[in-house]
Amino acid sequence: MKIQTIADLERLSRDYSAKLYYPERIKVNIGMASCGIGAGAQASYKRAVENLSDDKNIEICRTGCIGFCEEEPLVEVLSKGKPRVMYRHITEDKIIEAIEDYKNQEFKKKLVLGQMKDPRSILEDELENPQAHIPAIDGIPYLEEIPFYRQQVKVALRNCGYIDPEQIEEYIARGGYFAFLRSLGEMSSREIIATIKESGLRGRGGGGFPTGIKWETCAKHRGERYIICNADEGDPGAYMDRSVLEGDPHSVLEGMLIAGYAIGSKEGFIYVRHEYPLAVKRLITAIKQAESYGLLGDNIGGSDFSFRIKISTGAGAFVCGESTALMASLEGKVGRPRAKYVHTVEKGFRNMPSNLNNVETYSNVPVILLKGSKWYAGMGTQRSKGTKVFSLVGKVNNTGLVEVPMGISLREIVYDIGGGIPKKKEFKAVQTGGPSGGCIPERYLDLGVDFDELTKVGSIMGSGGMIVMDQDTCMVDVARYFLDFLKEESCGQCNPCREGIKQMLDILTDICLGKGKDGDIELLEELGAMIQKFSLCGLGTSAPNPVLTTIVYFRDEYEAHIRDKKCPAGVCKALFYYEIDKEKCTGCQVCARKCPQEAITGEKKKIHVLDQSKCIKCGICYEACKFDAVVVK
Amino acid sequence: MRETTALCTKPVIELDFMELDRIIDDEYSRDKENLIMILQAIQNTYNYLPKPTLAYLSEKTGVPLSQIYGVATFYKTFSLEPRGKNIIYVCLGTACHVRGGGKIMDRLKEILRIDTGETTEDMRFTLEGVRCIGCCSLGPVIKINEDIHSRISGDMVENILSKYA
Ligand SMILES: Cc1cc2nc3c(=O)[nH]c(=O)nc-3n(C[C@H](O)[C@H](O)[C@H](O)COP(=O)(O)O)c2cc1C
Ligand code: FES
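Moving on: the overall build of chain A. In terms of helices and strands, chain A carries 24 helices and 18 strands. On C-alpha atoms alone, chain A measures out to a radius of gyration of 26 Å, which is about the 26 Å that the 2.2 N^0.38 rule sets for 633 residues. By principal-axis analysis of the C-alpha atoms, chain A measures approximately 75 × 65 × 40 Å. Looking at chain A as a whole, 61% of its 633 residues are labelled buried.

Right under this line is the structure:
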C-alpha cells in the first residue's frame, strides 16, 4: 500500500494504535537496544520465545531503550484493561517469573520498577489516555513519578522504548509521518524554515548552530543539494544518537524528509559509525519500509517531491564527525577536515550545497512542525530552546539516558535524576562535552545546562555526554586520557594539533609516571593556548580544554603528582601503593582468594598482609573489599 | 594519527575473486564513493585486508592503490595483518575508563601476554581497544566478536575468555 494522504495515515494509525495500547493478548515488550542486549535482553527474549511461543495469550515483542539503563534488562508488560507494568533486571532466569507475575497480577516489589500512568507520546494529546480508567496498583510507584523520570520531557526520545523500531506502523500509530505529509501538502518551503527558525532549535551535535538559519542558507545556494545526517557519535561516553537510531529510526528519516522538502533536495545520506551495527540494521529496515509505503522514493504523496536516503558507514575515526571530514569520508576518501572559508552549506558533499545535522536535531523537527514553534520555544532557556538528551554515566547510581528541558541544573541531573554517587563515595567532577569539553567541579553544580552557561566555566554542553567522576578518579589521568584519545584521532594535517597534542601528552605522561617537573603546568597552559589558537579544525581548537579545565579546578592534584609524587586517587600506578588497614581488615579472605598474583596472605579471621613485591596494582582487592580495608597510600 | 604499517605480504591466502566481484560490482556497484564500505565487506570476508585484494580493488575501481592504502591505514577499523579467530574489543571510552576499563585491558594483556593491537601466537585472540561502543551505562564493557559483556571486573576476565575456543 502507498500512503498518499493524511487520511491514509490516519487509518493506519488507528489500527495500530489499538494494537499498541489495547492488546487483546498479554503484550511483553522487551527493551532491546544495544544496551539492553548488553545487559542480557537477547537471552531473555530467546527464553521467552522458546517457552511461550505456543501460548496463544502472550505476544513477545521488542522495543528500543526507555532510558533507565541501570535497571536493564527492562521488560514492560501490558494488556487491555490492565495496568502497564515495567519490570527491571529481567535477565533470562527471571523472564518467565515476570510474565507469570503479570498474569497473576501479583506485582512483586522485587521485580517491578513501576507502573505507567500515561503511555501516550507528546504528539498524542488528542488521544484519550489508554490507562485513564485503570485503577492504580497499590504500593507500586508510577514510572513517571520516580526520581529518574520525574523531570523528563520526551521529545527526541518520544518513541524509544514504546514502539518496535522495526515496524513503521507503530511509528505512524504514535503520530509519525503526519508532520511530513502535512507540511508537504500545506506548507511552503519558506514557511517550514520560518517555523524552525522561530522555534529556536539549535543543532544537537555540539556546536549549537541555529538549525533554521542553516537550512535557509543552504536553500539559497544553487545546484544539487544534499541532506546529511551526522550519526557518527564519536564522543566517548555518549550514546543519545545510538538510542534514537535503534529505538526510533523513522523519527530521523522524517526529520530528513522535512529538511529535504524545505531545502529542495532529492537525496539524503546518513553517516553512521560502524561501531553501531544494530543502528545500521534498523536504519536499513526503516528505509525499506518507508519506501514500500511510498514515504521515500519518487513523487511522494502524489506531489512532485522525490527523496531517497542512503546509508554510509564510518570506519572508526573521531574526526569524521567534523562536517568537512565527514563529507570527504562520504565520498570514500580519507576523512581530513578542510579550512572552512567556504561553508558546507555552499560547497560540501560532492562540492555541492549540503545541509548537515545531527540525529537528535532531525528527530526534534517533526514535533516542532506539529506542535508549533511557540510550544517548542516555551521550553528551555532564553537562548537554548527545547529539551536535550544526556547520557548520564560513570560514577552515578542511575545511569541512563535523560531528556530534560534545557536550563536544568547539573545538580538536579546528577543528584535528583542520577541519584548521586554510588558506594557513598565523594563527587569530584562531571565531564561534559567529550574531548572538546571540560571537567566541572562541585562548586559549579548549580549552573543551568544549556549551550551558553557551561562555556562560562571552560566546558561546553556538547552533544550530551555527562560522565560523573568520584574520589577514585584521578583528574590528571583523565586529562592524559583525553589527550591520548586526541593524539590517536588527530588527522595529522596541521602542526599545532599533530605536534602540540603529542607534546602535551608527553608532559602529562611524565607527570603520571612521577617524572613531573616544576614548570610543567605552565608549559601545558602555554602549549594549550597555542593549539587552541592555531589549529585547523574544531578537533584541535578544543583539544586542550580537558587539560586546561582540570588545571584550573584541580591544580592541587597536579601538584601532588609533580611535587609529592603521589596520586591521591590511586590511579597512576607509579605513584601509589595499596595497603591493608589493620584496623578494618576482618580476615574474610575475599581479597586473598581474588588476587591474581597471590600477593595477599592471611588466615581466616586474622589480619591479612599484602606483599608489595608481588603486587601489580590491578585493583581487584580494592574493588572486592567490603570493609574498605584495602587503602590507597 | 596512526603509525603506518607496511603492506602485509606474509601469509599466502586463497582469494575468492567471485566473492570480490560480488562485493565490488553487485553490492557496491563499483562506485568509488563506496570505497570504505567495500573495504569493510572485504575485511568481513577475510578478517583483515589481504594486500592482493587492495590491488584488485584498485584495478576495478580505478582508485590508485596509494589512495586505497591511505584509506585503509587512516581508519582504525581496518587491519592489514591477519587477526585472531576471536577479536576482543576493550572499551576505553570515558565512561568505561572512569569505571576501570584500563584495568580490564591490563588484565587481558597479562593473561594473553600480548599488547593492544596484537594477536596471540595460536591465533585465538586479537586484543583491541575501542573508544566507546555506546553501552556506557553498563561499563566497563568489552565486546568479543559480536557479544557484549557488561559490568565486568578484573576477576571475571579469565572466565569470560574460556568461553571462546
Ligand atoms: C572533531 C569533531 C567531532 C565531531 N563529532 C560529531 C559527532 O560525532 N556527531 C555530531 O552530530 N556532530 C559532531 N561534530 C559537530 C559537527 O561538525 C557538526 O557541527 C554537526 O554535525 C552539525 O549538526 P547540528 O547543527 O545538527 O548539530 C563534531 C565536530 C568536531 C569538530
Ligand atoms: S564508554 Fe564504554 S561503552 Fe561508552
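Having seen it, we continue.
Now for the overall build of chain B. Of regular secondary structure, chain B possesses seven helices and four strands. Mapped in sequence order, the helices and strands of chain B form the string α-α-α-α-β-α-α-β-β-β-α. By principal-axis analysis of the C-alpha atoms, chain B measures approximately 50 × 30 × 30 Å. A buried classification covers 54% of the 165 residues belonging to chain B. The long-range fraction of contacts in chain B, counting pairs at least 24 apart against all pairs at least 6 apart in sequence, stands at 63%. Per element, the accessible surface of chain B, about 7,500 Å² overall, is 50% carbon and sulfur. A distance of 6 Å separates the average location of the 20 positive side-chain charges in chain B from that of its 23 negative side-chain charges.

So, on to the domain arrangement of chain B. Looking at the assigned domains, one finds that chain B contains domain 1 (2-74) and domain 2 (86-162). Summarising the inter-unit geometry, the C-alpha centres of domain 1 of chain B and domain 2 of chain B are found 28 Å apart.

Another point: the interface of chain B and chain A. Every contact between the two is made by 42 residues of chain B and, on the other side, 71 residues of chain A. Between chain B and chain A we count six salt bridges in total. In this structure, Asp106(B) engages Lys573(A) in a salt bridge whose closest nitrogen and oxygen atoms are separated by 3.1 Å. Here chain B is connected to chain A by 25 residue pairs in polar contact (both at pLDDT 80 or more). Mapped by element, the contributors of at least two residues to the side of chain B that touches chain A are helix H2 (35-46), helix H4 (65-74), helix H5 (94-98) and helix H6 (101-112) of chain B. A breakdown of the residues in the side of chain B that touches chain A according to their chemical character gives 17 nonpolar, 12 polar and 13 charged.

All names here are of chain A. For strand S14 (residues 465-470), the buried fraction is high: six of the six residues fall into the buried class. Neither face of S14 is exposed, since Gly465, Ile467 and Met469 on one face and Met466, Val468 and Asp470 on the opposite face are all buried. Relative to S14, strand S10 (residues 387-394) runs parallel, the two sharing four bridges. Bridging across to S14, Val393 finds its partner in Ile467.

All right, on to the environment of Glu598(A) then. Note that Glu598(A) resides in the loop between helix H23 (590-594) and strand S16 (600-601). Considering only alpha carbons, one finds Glu598(A) and Cys615(A), 17 residues apart in sequence, at a separation of 8.4 Å.

With that settled, consider the nonpolar core. Residues Tyr177(A), Trp215(A), Leu253(A), Met256(A), Ile270(A), Val272(A) and Phe307(A) are the most contacted members of the largest nonpolar core, which totals 135 residues. By residue number, the principal contributor to this core is helix H11 (residues 249-263) of chain A, which donates nine residues. Once residues lying within four places of it in the same chain are set aside, the contact partners of Ile270(A) are Cys229(A), Ala231(A), Leu253(A), Met256(A), Leu283(A), Ile309(A), Lys310(A), Ile311(A) and Ser312(A). With 71 residues, the next largest nonpolar core counts Cys320(A), Cys572(A), Tyr28(B) and Val63(B) among its residues.

We now examine the pairing of strand S3 (residues 75-78) of chain A. Residues in a regular strand point their side chains to alternate faces of the sheet. Residues and elements named next belong to chain A. In S3, alternate side chains face the same way, and those of Val75 and Val77 on one face and Glu76 and Leu78 on the other are all buried. In this sheet, S3 lies alongside strand S1 (residues 26-31) in antiparallel orientation, the contact comprising four bridges. Looking at the pairing, Val28 lines up with Val77 of S3. Pairing of S3 with strand S4 (residues 85-87) involves three bridges; the strand directions are antiparallel. By the bridge assignment for S4, Val77 is matched with Val85.

Scoring rules and cut-offs
Residues numbered from 1 in each chain as written. Chains lettered and ligands numbered in written order. Predicted model: local features only at pLDDT ≥ 70, side-chain atom pairs only at ≥ 80, totals over all residues. Heavy atoms only, no water. Helix = DSSP H or I, 4+ residues; strand = E, 2+ residues; numbered from the N terminus. Rg over C-alpha atoms; globule rule 2.2 N^0.38 Å. Buried < 20%, exposed > 50% of the residue type's maximum accessible area, 1.4 Å probe, protein only. Contact = heavy atoms within 4.5 Å. Areas by Shrake-Rupley, 256 points an atom, 1.4 Å probe, with all protein chains shown as cover. Lys, Arg positive; Asp, Glu negative; His and termini not counted. Charge placed at Lys NZ, Arg CZ, Asp CG, Glu CD. Domains from an automatic or database assignment. Salt bridge = Lys/Arg side-chain N within 4 Å of Asp/Glu carboxyl O. Polar contact = N/O pair within 3.5 Å; in protein donor to acceptor, adjacent residues only side chain to side chain. Nonpolar A, V, L, I, M, F, W, Y, C, P; charged D, E, K, R; others polar. Pairing = 2+ DSSP bridges. Core = buried A, V, L, I, M, F, W, Y, C linked by side-chain atoms within 4.5 Å.

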